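Chain and residue survey
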Amino acid sequence: YVLRNTNFTSDGGLNYSEVAVLQVETKQLEKRLLLPNDIILEKSGGGEKTPVGRVCLHTSKLDKPVSLSNFTARIRVLDENELFPAFLHRFLYLLYISGKTEPMQRNSTGIRNLQIIQYKDINVPIPPLREQKKIIAKVENAFSEIDKAINFSDKQVDTVNCLRYNKIRSWMLDLGKEFGYASLNDVSTIQPKKKIVLERLNPDDEVSFLNMNLLGIEQKYSESSTNKKLKDVYSAYQYFENNDVVFAKITPCFENGKLSIVRNLKNGIGFGSSEFVILRPKSNIDSEFLYYALLDKSFRRKGKEQMSGAVGHKRVTKDYFYNYKIPTPPIEIQKKIVKILESIWDNSNSFYLLKCKKREELINLKSCILSHEFLNNSK
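Residues numbered from 1 in each chain as written. Predicted model: local features only at pLDDT ≥ 70, side-chain atom pairs only at ≥ 80, totals over all residues. Heavy atoms only, no water.

1. Examining the overall build of the protein chain
Counting its regular elements, the protein chain contains twelve helices and 22 strands. Principal axes of the C-alpha set define a box for the protein chain whose edges measure 75 × 45 × 40 Å. Residue burial in the protein chain is summarised as follows: out of 379 residues, 44% are buried. A fraction of 80% describes how many contacts in the protein chain between residues 6 or more apart in sequence connect residues 24 or more apart. (Helix = DSSP H or I, 4+ residues; strand = E, 2+ residues; numbered from the N terminus. Buried < 20%, exposed > 50% of the residue type's maximum accessible area, 1.4 Å probe, protein only. Contact = heavy atoms within 4.5 Å.)

Here's what the structure looks like:
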């Protein structure tokens, strides 16, 4: 079994229900073998809203050897008569949820990496073992009630999320039955040729620059305040213009829903990651309607099944997105549907933000409880 970042849970535990079973070389396993009470540290990965540095305590006894993944590190207590593993875990968990580990991360090609040397310099309070166990008992009792509230809130968000995606799916199916379908290649210009830019701008003119991090996840509009000279981006980057629909073709960005309409570009022109696919709607398709048509989760689900390339660098195939079909109602109907879906999306986003605030308050409560216990009882 290989425990990966995807097995981490928000409360510092591990989800053992979907553990990958992989072939691992014997020498690798010796270095990565996990034992019960080992702490797993996320050293690479993270995301826009999830800093790297999460920690989980491995507690389950599985029926196969358990290994770390490439993006994690193992922390093992040397003497459990001196330091209770659960105590160390909750101390490191406190550092993470309180933001203390954020300054220890660095970005490399869009991936966040934890500076392990800095992390190893963390000073850990070590009160008597009996006191450590007493602190953890109190903490876990309090966390149990908080986690119930968090899980309930998360389930509400999931329900609303399912409803709004089901609404998109329902509309797209009905429109397809009534008005028929057309491929993306028929309704848009895919990867427009950049030479047209040279007819409009000089090499020293500025254009917007949008990297992968700035392309929103299920975010209707994306824009960038970063400008670069045309001559510095023309050769190596993908070109787009205002109102083009952009999505990321590489894993895991594609599956995560990095999809937006670009706007407010400097001189109306932008350049960005070579992993972007650019769709420039033709006269019979509205940009916003195209956005919602691709927001339909079937686009991502089917695309994931048809990816090619090496593990970790898989991409949606050109054949897939060129031939993916969307409904083609008249423009006036497209605009009416956009208003309906926009209203549903805005209302569900308001609910989501409210629940996010509640979740953040509950996480802060955890941080307060941990801070109180560690600061007052670990001197």
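2. Concerning the pattern of salt bridges
Opposite charge on two side chains permits pairing when their charged atoms draw close. What the rule picks out here adds up to 18 salt bridges. When the shortest N-O distance is used, the salt bridge between Glu288 and Lys220 registers 2.4 Å. Remark: Lys220 occurs in the loop between β12 (206-210) and β13 (221-222) and Glu288 occurs in helix α9 (residues 287-295); sequence separation between them is 68 residues. Because the salt bridges share partners, they merge into one network encompassing Arg200, Glu241, Asp244 and Arg280. (Salt bridge = Lys/Arg side-chain N within 4 Å of Asp/Glu carboxyl O.)

3. What about the pairing of strand β18 (residues 269-272)?
Burial along β18 is two-sided: the residues Ile269 and Phe271 and Gly270 and Gly272 are all buried. Here three bridges tie β12 to β18, and the two strands are oriented parallel to one another. Considered in β18, the bridge of Ser208 is made with Gly270. Two elements, strand β15 (residues 238-241) and β18, share four bridges in a ladder whose sense is antiparallel. Across the sheet, the residue bridging to Gln238 is Gly272, located in β18. (Pairing = 2+ DSSP bridges.)

4. Digging into the side chain of Ser273
By secondary structure assignment, the location of Ser273 is in the loop between β18 and β19 (276-281). A relative accessible area of 15% means that Ser273 is categorised as buried. Of note is the side chain of Ser273, whose polar atom sits 2.9 Å from the backbone nitrogen of Glu275. With sequence-adjacent residues up to four places away left out, Ser273 is seen in contact with Leu210, Met212, Tyr237 and Gln238. (Polar contact = N/O pair within 3.5 Å; in protein donor to acceptor, adjacent residues only side chain to side chain.)

5. Section: the packing of helix α2 (residues 85-97) against helix α4 (residues 129-179)
Two quantities define a packed helix pair, namely the angle between the helix axes and the distance between the axes. Between α2 and α4, whose axes approach to 9 Å, the crossing angle comes to 55°. Put simply, α2 runs oblique to α4. Crossing handedness for the pair α2 and α4: left-handed. Side by side, α2 and α4 meet where Ala86, Phe87, Arg90 and Tyr93 of the first sit next to Gln132, Ile135, Ile136, Glu140 and Phe143 of the second. In terms of residue class, the contact of α2 with α4 is built from six nonpolar, one polar and two charged. (Axes fitted to C-alpha atoms, helices over the stretch in contact; angles between N-to-C directions. Parallel < 35°, antiparallel > 145°, perpendicular 65-115°, else oblique. Left-handed = near helix turned anticlockwise from the far one by under 90°. Nonpolar A, V, L, I, M, F, W, Y, C, P; charged D, E, K, R; others polar.)

6. Examining the pairing of strand β9 (residues 111-114)
Here β9 shows a buried face lined by Arg112 and Leu114 and an unburied face lined by Ile111 and Asn113. Sheet topology note: the strand β4 (residues 44-45)/β9 ladder contains two bridges and is antiparallel. Considered in β9, the bridge of Gly45 is made with Arg112.

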